[in-house]
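Summary of structural features
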Amino acid sequence: MALDHAILVSLLERPGSGYELARRFERSIGHFWTATHQQIYRVLGRMVADGLLLVREVEQQGRPDKKEYSVTASGRTVLAAWLHKPIEPESLRHDLAVKIRGAAFDDPAALIQEVERHHRAHRDRLAHYLAGEERDFTGPEAPAPPTPGQELQHVVLRGGIAYERMTIAWLDDVLATLHRLATPPGPGS
């Protein structure tokens, strides 16, 4: 997926400034597609030049004016064409999995700290996703009934939650295996 498509989706959900868009990437869409602020601003400029986005100056009180971006009809056409185009299923390219297999040729215990670090990162990401789900979809402040767009955002977030839970369960299994292999056999084993 190109960053262009992620930007089009985000701006169709709600027009905004480059700063607001970058914040949305950090808060929600960025869980599944990451981009730096510099990348976002560079692509916004190109998309305006290509006629996919409109930009308008919005006056602000006590602060410099901001540029607000919105999607043009051409931008909608580009997104629609992409939505109808088949994409390849994602392959699992996982450096940690290769390291785990490689531990058979070294000391499996040497990998425990690295796997624990990944475990913490996935636990933290899951907690972040669950907090976002509570805030935006299931908590008392969540809109009822949700719009179709909100339902689709929620189903993507639920996929992220399921992925993190699956990854944590796998890492629990990896850690148990590494600890078992790292423990020297007792007498009479």
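No experiment lies behind these values; they were computed from the predicted model shown. In this numbering scheme, every chain counts its residues from 1 along its sequence in written order. Thresholds applied to this predicted model are a pLDDT of at least 70 for local features of residues and 80 or more for the giving and counting of side-chain atom pairs; totals over whole chains, interfaces and linings are not thresholded and use all residues. Working from all heavy atoms in the structure, the side-chain values ignore hydrogens and water.

**As for the overall build of the chain**
Defined as follows: The secondary structure listing takes helices from DSSP runs of H or I that are at least 4 residues long and strands from runs of E that are at least 2 residues long, numbered from the N terminus. When we talk radius of gyration, it's over C-alpha atoms, and the globule rule is simply 2.2 Å times the number of residues to the 0.38. With a 1.4 Å probe rolled over the protein chains alone, any residue whose accessible area is under 20% of its type maximum counts as buried; one over 50% counts as exposed, and the rest are partly exposed. Whether two residues are in contact is decided by their heavy atoms, any of which lying within 4.5 Å being enough. Shrake-Rupley sampling with a 1.4 Å probe provides the accessible areas, and residues are treated as covered by the protein chains on show and by no other component.
Counting secondary structure elements, the chain contains seven helices and two strands. Element order for the chain, N to C, with α for helix and β for strand: α-α-α-β-β-α-α-α-α. Since a compact globule built from 189 residues should have a radius of gyration of about 16 Å, the 22 Å found for the chain marks it as more spread out than a globular shape. For the chain, the C-alpha atoms occupy an extent of roughly 80 × 40 × 40 Å along the three principal directions. Counting all 189 residues of the chain, 31% fall into the buried class. At a minimum sequence separation of 6, the contacts of the chain that also span at least 24 residues come to 58%. Accessible area of the chain: about 12,900 Å², with a carbon and sulfur share of 56%.

**Some details on helix α7 (residues 148–182)**
The line we're drawing: Each helix should span, by expectation, one fewer than its residue count multiplied by 1.5 Å.
Taking 1.5 Å per residue, 35 residues should reach 51 Å; α7 reaches 51 Å between its end C-alpha atoms and fits that length. Residues H154, L157, G160, I161, E164, T167, I168, L171, V174, L175 and L178 constitute the buried set of α7. Of the surrounding secondary structure, the elements contacted by the buried residues of α7 are α5 (95–102) and α6 (112–138).

**What about unusual backbone geometry?**
Cis geometry is found at the peptide bond from A144 to P145, where omega equals -5 degrees. Looking at the element boundaries, P145 is found in the loop between α6 and α7.

**Comments concerning the domain arrangement of the chain**
This is how the line gets drawn: Where each domain starts and ends follows an automatic or database-derived domain assignment. Each of two parts loses accessible area, computed with a 1.4 Å probe, when they are put together; buried area is these two losses added. Here a salt bridge means any side-chain nitrogen of Lys or Arg lying within 4 Å of a carboxyl oxygen belonging to Asp or Glu.
The assigned domain composition of the chain is domain 1 (1–86) and domain 2 (93–180). On a C-alpha basis, the centres of domain 1 and domain 2 stand 27 Å from each other. Opposite the four residues of domain 1 that make contact, domain 2 presents eight residues. Here domain 1 packs against domain 2, burying approximately 530 Å² in sum over the two surfaces, 52% of which is carbon and sulfur. The tally of links between domain 1 and domain 2 comes to zero salt bridges.

**Examining a nonpolar patch on the surface**
The following threshold applies: Grouping into patches uses exposed residues only, defined as over 30% relative accessible area, and leaves out salt-bridged ones; the cut-off is 9 Å for like charges and 5 Å for nonpolar side chains (Val, Leu, Ile, Met, Phe, Trp, Tyr).
Taken together, L152, V155 and V156 make up a surface patch of nonpolar side chains, about 260 Å² in accessible area. Positionally, V155 belongs in helix α7. For V155, a relative accessible area of 41% puts it in the partly exposed group.

**Remarks on the environment of L111**
Turning to its location among the elements, L111 is positioned in the loop between α5 and α6. What makes L111 buried here is its relative accessible area of 11%. In this structure, L111 is in contact with K99, I100, A103 and L178, ignoring residues within four places of it in sequence.

**Things to note about the packing of helix α1 (residues 3–13) against helix α2 (residues 18–27)**
Let me state the cut-off plainly: Geometry is summarised by axes, namely lines fitted to C-alpha atoms with helices restricted to the contacting stretch, and by angles between N-to-C directions that run from 0 to 180 degrees. Working definition: roughly parallel below 35 degrees, roughly antiparallel above 145 degrees, roughly perpendicular at 65 to 115 degrees, and oblique for all remaining angles. Ten residue types, Ala, Val, Leu, Ile, Met, Phe, Trp, Tyr, Cys and Pro, are classed as nonpolar, four, Asp, Glu, Lys and Arg, as charged, and the remainder, Gly among them, as polar.
Following both chains from N to C, one finds α1 and α2 inclined at 100 degrees, their axes separated by 11 Å at the closest point. Judged by the inter-axis angle, α1 sits roughly perpendicular to α2. Within the contact between the two elements, α1 uses L3, A6, I7, S10 and L11 and α2 uses L21, R24 and F25. Of the residues in the contact of α1 with α2, the class split is six nonpolar, one polar and one charged.

**Overview of the pattern of salt bridges**
Evaluated as defined, the whole model comprises seven salt bridges. Across the pair D4 and R46 runs a salt bridge whose closest N-O atoms are separated by 2.8 Å. Remark: R46 occurs in helix α3 (residues 37–49) and D4 occurs in helix α1; sequence separation between them is 42 residues. D4 gets classed as buried once you look at its relative accessible area, which sits at 15%. By sharing partners, the salt bridges in this structure join D4, R46 and D50 into a single network.

**Quick notes on the nonpolar core**
Cut-off, in case you're wondering: Remark: nonpolar core denotes a set of buried residues (Ala, Val, Leu, Ile, Met, Phe, Trp, Tyr, Cys) joined through side-chain atoms within 4.5 Å.
Counting residues in hydrophobic clusters, the biggest one holds 20 residues, and the most contacted among them are I7, L11, F25, L44 and L53. Looking at this core, the elements with two or more residues in it are α1, α2, α3, β2 (66–71) and α4 (73–84). Tallying contributions element by element places α1 first for this core, with five residues. Here L53 is in contact with I7, L8, L11, L44, M47, V48, Y69, S70, V71 and T72, once residues within four sequence places are set aside. Core analysis: the next-biggest nonpolar cluster, separate from the first, contains nine residues, L111, I112, L171 and L175 among them.

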